[in-house]
Amino acid sequence: MEKTSKRSAALMAAACGVVAVVIVSAWAFPELRELSFAESYLPHASCFLWNRQLITLHVISDGMIGAAYFVISGILTWIAYQNRRLIPFGWMFVAFGGFIVACGITHFMEILVLWHPFYWLEGEAKLATALISVSTACLLPPLAPKIKRLLEDAEGSTRAQEEREQAHRFTRSIIESSAFTIIVTDLDGNITAVNPAAERLLWYKPDELVNRRNVVNLYDPREVASNADQRSVEFGEDVRRGIDALTIKTRKGVTDEAEWTFVRKDDAKVPVHVTVTSLRGASDEDGYMFTAFDITERLRSQEYIRHVATHDSLTGLPSRILFRDRLDQALARAKRFGEQVAVMMVDLDNFKRINDSLGHHAGDEALIVIAQRLRECVRVTDTVARMGGDEFMVILCDVQEKMVDSLAMQVLNALSLPMSLGSHEVFLTASIGVCRDVDDSDPISLLKHADIALYRSKAEGKNQIHHYTADMAHASVERLQMEASLRSAVVKNELRLQFQPQISLTTGQMTGIEALVRWPRDGGEMVLPGQFIPLAEETGLIVSIGEWVLNRACEDGVRLIERLGHEVVVAVNMSPRQFKDRGVFHIVRNALETSQLPPHCLELEITENLLMHGSQETLDGLARIRLLGVRIALDDFGTGFSSMSYITKFEVDRLKIDQSFTRGLLTDANSRAVVTAIIAMAHGLGVTVVAEGTETQMQADLLTELSCDEAQGYLYSRPIDLEELAKVSTLNPPA
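Each chain carries its own residue numbering, running from 1 in the written order of its sequence. Totals for whole chains, interfaces and linings use every residue, but because this is a predicted model, local features are given only for residues with pLDDT of at least 70 and side-chain atom pairs only at 80 or more, for both listing and counting. Each side-chain value is derived from all of the structure's non-hydrogen atoms; neither hydrogens nor water enter the calculation.

Asks: Any details on the overall build of the protein? Residues and values, ideally.
Replies: Secondary structure assignment for the protein yields 26 helices and 21 strands. Only protein chains enter the calculation, and the probe is 1.4 Å; a residue is then buried if its accessible area is under 20% of its type maximum, exposed if over 50%, and partly exposed in between. The proportion of buried residues among the 735 residues of the protein is 41%. Long-range contacts, defined as pairs at least 24 residues apart, comprise 61% of the intrachain contacts of the protein with a sequence gap of at least 6. Here the accessible surface of atoms and residues is derived via Shrake-Rupley with a 1.4 Å probe, and residues count as covered only by protein chains that are part of the display. Just so you have it, the protein exposes about 40,100 Å², and 56% of that area is on carbon and sulfur atoms. For the purposes of this entry, the term helix denotes a DSSP run of H or I that reaches at least four residues, the term strand denotes a run of E that reaches at least two, and both are numbered from the N terminus. The contact definition used throughout considers only heavy atoms, calling two residues in contact when any of these lie within 4.5 Å.

Written out as structure tokens, the structure is:
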């Protein structure tokens, strides 16, 4: 549009110049003017017109008109020639040009005949002009609709051109302001245009890229080579390591979007997402457009999410998911190269005490220290993971049996070292279970076997290392079967109670009974309490079993009192696990209300550890139960870490001397001294003493001599059913 305006202005200037030349020539050459109007050069047949001013007017006006006609015809002819492909009626412009030229010749002939008698020539020129004028006049009416359409098309073309230019400017503004990097290339990959975002991403100035660099040079060469190999396999043809590797999918009509690495001007690498599209001209591809954006932050976010999903947030160790993946890889590598893999399961002993005493923040600090020590004990090729809580797993790759033993002992020793948690110095130990991959074990089996070995370490006193053996698996299966059977027995009400009497050493009268739970299995076999009570404690079944025992003992106690005609104390063992249940107070109260047993006839036997290590909430619960009138007895007294302060602060009604001291009364001076001290201390506090495990008359006589109040053991009766208790309701006092 701008070029057309400049051309029109130039043509107008040329026309004005011609006219100016004619005028200036008339006045610039006075000789010619004098000669033209001299008396000897008078116009022929125009004497009556002779007038200098009038002739001058005719000459100047005809000259200007004729010159203007020639200029106009020349401009029209030039325009028609320049736009011969765009103008549908170019011959019409030529005809108009001829008509105007003829008109111009007529005017020049008017000047010529003023001095020379070329009248016939003038007449012929006018006739030709007349013919051309008539022809033009005849042609114009039929051509008027076409001319109108031509003008409308020209106007539409102008408007379309303006719209295209506006669209081009709009598109250009979008590209220029786009946050995405846009790089335009030719078919060979040579860069022909870039937008400002490309400069910000690549740190190149536009003049350093356009017509100077190939887009392939902006990619990581290794990725280009790898992509070329992949595309060769994908499309079954040889793809060159150049622009073909970047554009072959686009040429095949497949959308090409992929993650690449661009190389900046300073050789720094930046990850980008690139989309390649074809730029098509009127007939075929003209080039390619690469649209890219930086995905550094997205990759960082993905990596963070991946890390959070596969790592422990506290210790930074791999979590269960990543551990399983690495174990699969380790086993696959071991199978391929003939190596051996070992799995070590580490569980901290009594870790709960730290959380309960120092708080969970101290427990978290301890876990961080433990994780660091585990890392330092193993090799770089090994994996340490936190499975949850205070349980850790270690994968030992390419190891032999001796190396496994050495590493396990190193871990055990490192974890037992003291650690500082705030102002406290804390000692922790760990139990470790180890399983080696000796028979191409699968991951699940390895973990299960390591867990079995860990359970053995825990069961045998903790702070130990145990390697998995087939015997452990057999014992584990038996334990699972026993657990299932015990659960079934609880549901089917297959448990039953037996009672062992407690006899006064002074009167020989039965003063109380201890309720003992028994489990008869199919076939009449009796499962010992030492076998299933620890299992019930571990699985939590002890809560439901303890509630059943309490209710049943209260009911049987009422029946026994009615049968004997005097009151006896019914002693029921309570597990520390039961006191973790906040409803234990209501369970005891409901048992008393349902059975109508007098509260002072119920005695709950607890252990020393419950008083020493129980929470304040547990102690408050015990105090509430005691307010009901229920008696409290300390069972197995002297075997734990006895604390006199707890006994004085929390009132108890009875101390039960552990049977190990009773058995050693006659042969062990230390046992006798302990029993003597316990009896003296208890009597000083106003507490009754019961000696468990009394099996001989000599033991009973010595206990009487030491002023023990009551005795319980096989000397008087084994645990028996309720119906048989009447037979041992009284005994003569020992002689």
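Asks: Break down the nonpolar core for me, with residues and values.
Replies: To form a nonpolar core, buried Ala, Val, Leu, Ile, Met, Phe, Trp, Tyr and Cys residues must be joined to one another through side-chain atoms within 4.5 Å. In terms of nonpolar packing, the biggest core is built from 74 residues, with L550, V572, L602 and L604 touching the most fellow members. Looking at this core, the element that brings in the most residues is helix 18 (residues 541-564), giving eleven residues. Among all residues touching V572, those that are not within four sequence positions of it are A515, V549, L550, A553, L602, E603, L604 and E605. The next biggest cluster of nonpolar side chains, apart from the first, holds 34 residues, and it includes F392, L396, V404 and A430.

Asks: Could you give me a rundown of the pattern of salt bridges, with the residues and numbers involved?
Replies: Put simply, a salt bridge is a Lys or Arg side-chain nitrogen that is within 4 Å of an Asp or Glu carboxyl oxygen. As enumerated under the stated definition, the model contains 31 salt bridges in all. The shortest N-O distance in the salt bridge between K458 and D349 comes to 2.8 Å. Of the two residues, K458 sits in helix 15 (residues 443-459) while D349 sits in the loop between strand 6 (342-348) and helix 12 (352-358), which places them 109 residues apart along the sequence. The salt bridge partner of E603 is R654, with a shortest N-O separation of 3.3 Å. In this pair, E603 sits in strand 17 (residues 602-606) while R654 sits in strand 19 (residues 654-657), placing the two residues 51 residues apart along the sequence. Of the residues examined, E603 reaches a relative accessible area of 0% and is grouped as buried.

Asks: Please give an account of the sheet that holds strand 12 (residues 465-467) that cites residues and values.
Replies: Sheet architecture is open: five strands sit in the order 7-8-6-11-12, paired in mixed fashion. The open sheet has two edge strands with one neighbour each: strand 7 (383-388) and strand 12. Sheet twist, expressed as the mean angle between neighbouring strand axes with direction ignored, is 20 degrees. Running over the sheet, helix 14 (residues 401-415) touches strand 6, strand 8 (391-396), strand 11 (430-436) and strand 12 and is turned about 165 degrees from strand 11. What makes two strands pair is DSSP finding at least two bridges between them. Axis lines are fitted through C-alpha atoms, for helices just across the contact stretch, and the angle between N-to-C directions can take any value from 0 to 180 degrees.

Asks: Give me the lowdown on unusual backbone geometry, citing residues and values where you can.
Replies: One non-glycine residue with positive phi stands out, namely N350, at about 55 degrees. Even without a glycine there, the phi angle at N463 is positive, about 50 degrees. Within the secondary structure, N463 is located in the loop between helix 15 and strand 12.

Asks: So what's going on with helix 11 (residues 320-337)? Which residues, and what values?
Replies: Here, expected helix span is obtained from the residue count minus one, scaled by 1.5 Å. Here helix 11 contains 18 residues, and its C-alpha end-to-end distance of 26 Å stays within 8% of the 26 Å for a straight helix at 1.5 Å per residue. Buried within helix 11 are the following residues: L322, F323, L327, A330, L331 and A334. Buried residues in helix 11 make contact with helix 10 (296-310), strand 6, strand 7, strand 8 and helix 15. Just downstream of helix 11, G338 is the residue with a positive phi angle, here 70 degrees.

Asks: Hey, could you go over the pairing of strand 2 (residues 191-194) for me, with residue numbers and the actual values?
Replies: The side chains of a regular strand alternate, first on one face of the sheet and then on the other. Pairing geometry for strand 1 (residues 181-185) and strand 2, over three bridges, is antiparallel. Note that in strand 2 the partner of I183 across the bridge is V194. Here strand 1 hands over to strand 2 after five residues, with G189 in that stretch at a positive phi of 90 degrees.

Asks: Go over a nonpolar patch on the surface, please, and point to the residues and values.
Replies: Side chains of F70, I105 and F108 sit close together on the surface and give an oily, nonpolar patch of about 240 Å² of accessible area. Relative to the helices and strands, F70 is located in helix 3 (residues 52-82). Two joining distances apply to patches: 9 Å for like charges and 5 Å for nonpolar side chains (Val, Leu, Ile, Met, Phe, Trp, Tyr), and every residue must have over 30% relative accessible area and no salt bridge.

Asks: Please provide a residue-by-residue account of the packing of helix 17 (residues 529-539) against helix 18, values included.
Replies: Relative to each other, helix 17 and helix 18 sit at 115 degrees, their axes nearing to 5 Å. Two secondary-structure elements touch here, helix 17 through I533, A536, E537 and T539 and helix 18 through L541, I542 and I545. Charged residues are taken to be Asp, Glu, Lys and Arg, nonpolar residues to be Ala, Val, Leu, Ile, Met, Phe, Trp, Tyr, Cys and Pro, and polar residues to be all remaining types, Gly included. Across the contact of helix 17 with helix 18, the residue classes tally to five nonpolar, one polar and one charged.

Asks: How would you summarise the side chain of T247 if you had to cite specific residues and measurements?
Replies: Counting through the fold element by element, T247 comes out in helix 9 (residues 243-251). Accessibility expressed as a relative area gives 0% for T247, which makes it buried. Any pair of N or O atoms that falls within 3.5 Å is considered a polar contact. Within protein, one atom must be able to donate a hydrogen and the other to accept it, and sequence-neighbouring residues count only if both atoms are side-chain atoms. For T247, the side chain forms a polar contact with the side chain of R251, separated by 2.8 Å.

Asks: Outline helix 20 (residues 584-595), listing residues and values.
Replies: Here helix 20 is twelve residues long and its end C-alpha atoms lie 17 Å apart, about the 16 Å a rise of 1.5 Å per residue gives. Those residues of helix 20 that sit buried are V584, F585, I587, V588, A591, L592 and S595. Contacts from the buried residues of helix 20 go to helix 18, helix 19 (576-579), strand 17 and helix 22 (616-627).

Asks: Let's hear about the environment of L127: which residues, and what values?
Replies: Turning to its location among the elements, L127 is positioned in helix 5 (residues 119-177). For L127 and A102, which are 25 residues apart along the polypeptide, the C-alpha to C-alpha distance reads 9.8 Å.

Asks: So what about the packing of aromatic side chains? Which residues, and what values?
Replies: Side-chain rings of Phe, Tyr and Trp, where Trp is taken by its six-membered ring, are said to pair if the distance between their centres is within 6.5 Å; with planes under 30 degrees apart they count as stacked, over 60 as edge-to-face, and otherwise as tilted. Under the criterion given, the structure shown has four aromatic pairs. An angle of 80 degrees between the planes, with centres 5.0 Å apart, marks the rings of Y219 and F262 as edge-to-face. Separated by 43 residues along the polypeptide, Y219 in the loop between helix 7 (206-209) and helix 8 (221-235) and F262 in strand 3 (residues 256-263) bring together distant segments of the chain. A residue is classified by how much of its surface remains accessible, and Y219, at 2% relative accessible area, is buried. Look at NZ for Lys and CZ for Arg. If either is within 6 Å of the ring centre and within 35 degrees of the ring normal, a charge sits over the ring. Just above the ring of F585 sits the side chain of R624; from NZ or CZ to the centre is 4.0 Å. Stacked on the ring of Y714, the Lys or Arg R718 has its end atom at 4.1 Å from the ring centre.

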